[in-house]
Amino acid sequence: MTGSQDTAKDAAVQAIRAADADRQAAQAAAREAQRRWEAALVAAVEAGHAPSAVAREAGVTRNRVSQLVSARRAAEHDGRGHRAPRIVPSPFG
């Protein structure tokens, strides 16, 4: 290979690595945003709002809100603190 081909390959590899780092950062940010959103739903129910009203406002099912609340309560009961486990939304809506 010539020097210019090596330089082009090196640049391509660097671009891939930079894009992968950006992708990983975006995924981490998305996971954190999901965790905060789920915690906000649980906090709303714990503040006295009806699970059905919280679900309607959030655009999810009441069952999903109830699962999040139950998971939080189970975590607290097990002594794991206030961290709500992440529940992945169903791909079936």
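Calculation criteria
Residues numbered from 1 in each chain as written. Predicted model: local features only at pLDDT ≥ 70, side-chain atom pairs only at ≥ 80, totals over all residues. Heavy atoms only, no water. Axes fitted to C-alpha atoms, helices over the stretch in contact; angles between N-to-C directions. Helix = DSSP H or I, 4+ residues; strand = E, 2+ residues; numbered from the N terminus. Parallel < 35°, antiparallel > 145°, perpendicular 65-115°, else oblique. Contact = heavy atoms within 4.5 Å. Nonpolar A, V, L, I, M, F, W, Y, C, P; charged D, E, K, R; others polar. Expected span 1.5 Å × (residues − 1). Buried < 20%, exposed > 50% of the residue type's maximum accessible area, 1.4 Å probe, protein only. Arc of directions from axis to C-beta. Core = buried A, V, L, I, M, F, W, Y, C linked by side-chain atoms within 4.5 Å. Salt bridge = Lys/Arg side-chain N within 4 Å of Asp/Glu carboxyl O.

Trainee: Would you explain the packing of helix α1 (residues 3-46) against helix α3 (residues 62-77) in this entry?
Mentor: At their nearest, the axes of α1 and α3 sit 9 Å apart, and the two run at 90 degrees to each other. It follows from the interaxial angle that α1 and α3 lie roughly perpendicular. Counting all contacts with α1, which are made through Gln34, Trp37, Glu38, Ala39, Leu41, Val42, Val45 and Glu46, the residues of α3 involved are Arg64, Val65, Leu68, Val69, Arg72 and Glu76. In the contact of α1 with α3, the residues fall into eight nonpolar, one polar and five charged.

Trainee: Which parts of the structure should I look at to understand α3?
Mentor: Along an α-helix, a turn takes 3.6 residues, which lines up residues three or four apart on a common side. Compared with the 22 Å implied by 1.5 Å per residue over 16 residues, the 22 Å span of α3 between its first and last C-alpha is a close match. For α3, every residue scored as buried is listed here: Arg64, Val65, Leu68, Val69, Ala71, Arg72 and Ala75. For α3, the angular spread of the buried residues around the axis is 160 degrees, confining them to a single face. Turning to α3, the residues buried within the fold contact α1 and α2 (51-58). Immediately beyond the C-terminal end of α3, within one or two residues, lies Gly79, with a positive phi of roughly 80 degrees.

Trainee: Hey, could you run me through the nonpolar core in this one?
Mentor: Where a protein is soluble and globular, its nonpolar side chains tend to be buried together. With ten residues, the main nonpolar core is built from Leu41, Val42, Val45, Val54, Ala55, Val65, Leu68, Val69, Ala71 and Ile87. Contributions of two or more residues to this core are made by α1, α2 and α3. Take this core: its biggest share by element is four residues, from α3.

Trainee: Sorry, what's going on with the pattern of salt bridges here?
Mentor: Side-chain pairs of opposite charge can arise where the charged atoms are in close proximity. The tally for this structure, following the rule as stated, stands at five salt bridges. Here Arg35 and Glu32 are joined by a salt bridge, their closest N and O atoms 2.8 Å apart. Separated by three residues within a single helix, Arg35 and Glu32 lie in helix α1, roughly one turn from each other. For Arg35, a relative accessible area of 35% puts it in the partly exposed group.

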